[in-house]
Amino acid sequence: MSTARLNPYTAAPKAVKAMLALTEAAEHCGLEKSLIELVKIRSSQINGCAYCIHMHCSDARKLGETEMRIYLLPAWRESSLYSGRERAALAWTEALTRLADTGAPDADYDELARHFSEEERVNLTLVINMINGWNRIAVGFRSVHPKD
């Protein structure tokens, strides 16, 4: 059993308020809501944030995402269910989420540039940074996965 940790919402409300402002900007950046949810799920899977995986899978379903695409997301490279744009976003998500290991490869960036405008590339990067930040807060402070 893990040790109980502090609640970041009550311990540092100004910091959480700043994260919420970043989230608001990311949510309204102009990218497709379904794409944003795929990115959030994939990043959360990589970071091992059970709370975030649960929440974003639920949000994706509400947007009409299929169970098959959610289920196959960890193996998106092997599945034909994702568009070229989604594949570029997922590759960029993995590259930035695992930045220390990947160095954000030119091949991933070049593929991103084929499918996203300059503004969209920046906005997608903002979304990835936002969800990675929340994943680190949730995992670091041991947010609890909701019970079914």
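Our subject is the structure that appears above.
For the structure given in this document, a descriptive report is provided here. Owing to the predicted nature of the structure, the values given are computational and were not obtained by experimental measurement.

What the rule picks out here adds up to eleven salt bridges. With its nearest N and O atoms 2.4 Å apart, the salt bridge here joins R69 to E65. Take R69: its relative accessible area is 13%, and that puts it in the buried class. The exposure class of E65 is buried, given its relative accessible area of 14%. We note a salt bridge from R77 to E94, for which the minimum N-O separation is 3.1 Å. In this pair, R77 is assigned in the loop between α5 (67-72) and α6 (84-97) and E94 in helix α6, connecting sequence segments 17 residues apart. One network of salt bridges, in which partners are shared, links R42, R77, E94 and R98.

This paragraph deals with the nonpolar core. Grouped burial of nonpolar side chains is what soluble globular proteins tend to show. Core analysis: the largest hydrophobic core is formed by 21 residues, its most contacted members being L31, W92, F116, L124 and V127. At the level of elements, α2 (13-27), α3 (33-47), α6 and α9 (118-140) are the ones that each hand at least two residues to this core. At six residues, α9 tops the list of elements feeding residues into this core. If we skip the residues at most four places from it in the chain, V127 touches A26, C29, L31, I36 and V39.

Let us look at the packing of α3 against α9. Relative orientation of the contacting elements α3 and α9 amounts to 40 degrees, with a least axis distance of 9 Å. By the angle between their directions, the pair α3 and α9 is classed as oblique. Crossing of α3 over α9 shows right-handed handedness. Where α3 abuts α9, its residues I36, V39, K40, S43, S44 and N47 lie against L124, V127, I128, M130, I131, N132, N135, R136 and V139. In the contact of α3 with α9, the residues fall into eight nonpolar, five polar and two charged.

Attention now goes to the packing of aromatic side chains. As enumerated under the stated definition, the model contains two aromatic pairs in all. Relative to W134, the ring of Y9 lies with its centre 6.3 Å away and its plane at 15 degrees, an arrangement referred to as stacked. Placement of the pair is Y9 in helix α1 (residues 8-11) and W134 in helix α9, with a sequence separation of 125 residues. Residue classification places Y9 among the partly exposed residues on the basis of a relative accessible area of 47%.

A word on unusual backbone geometry. Of note, the phi angle at A104 is positive, near 50 degrees, even though the residue is not glycine. Tracing the sequence through the fold places A104 in the loop between α7 (99-102) and α8 (106-115). Residue A104 is classed as partly exposed on the basis of its relative accessible area, which comes to 21%.

Cut-offs applied
- Residues numbered from 1 in each chain as written.
- Predicted model: local features only at pLDDT ≥ 70, side-chain atom pairs only at ≥ 80, totals over all residues.
- Heavy atoms only, no water.
- Salt bridge = Lys/Arg side-chain N within 4 Å of Asp/Glu carboxyl O.
- Buried < 20%, exposed > 50% of the residue type's maximum accessible area, 1.4 Å probe, protein only.
- Helix = DSSP H or I, 4+ residues; strand = E, 2+ residues; numbered from the N terminus.
- Core = buried A, V, L, I, M, F, W, Y, C linked by side-chain atoms within 4.5 Å.
- Contact = heavy atoms within 4.5 Å.
- Axes fitted to C-alpha atoms, helices over the stretch in contact; angles between N-to-C directions.
- Parallel < 35°, antiparallel > 145°, perpendicular 65-115°, else oblique.
- Left-handed = near helix turned anticlockwise from the far one by under 90°.
- Nonpolar A, V, L, I, M, F, W, Y, C, P; charged D, E, K, R; others polar.
- Phe/Tyr/Trp six-rings, centres within 6.5 Å; stacked < 30°, edge-to-face > 60°.

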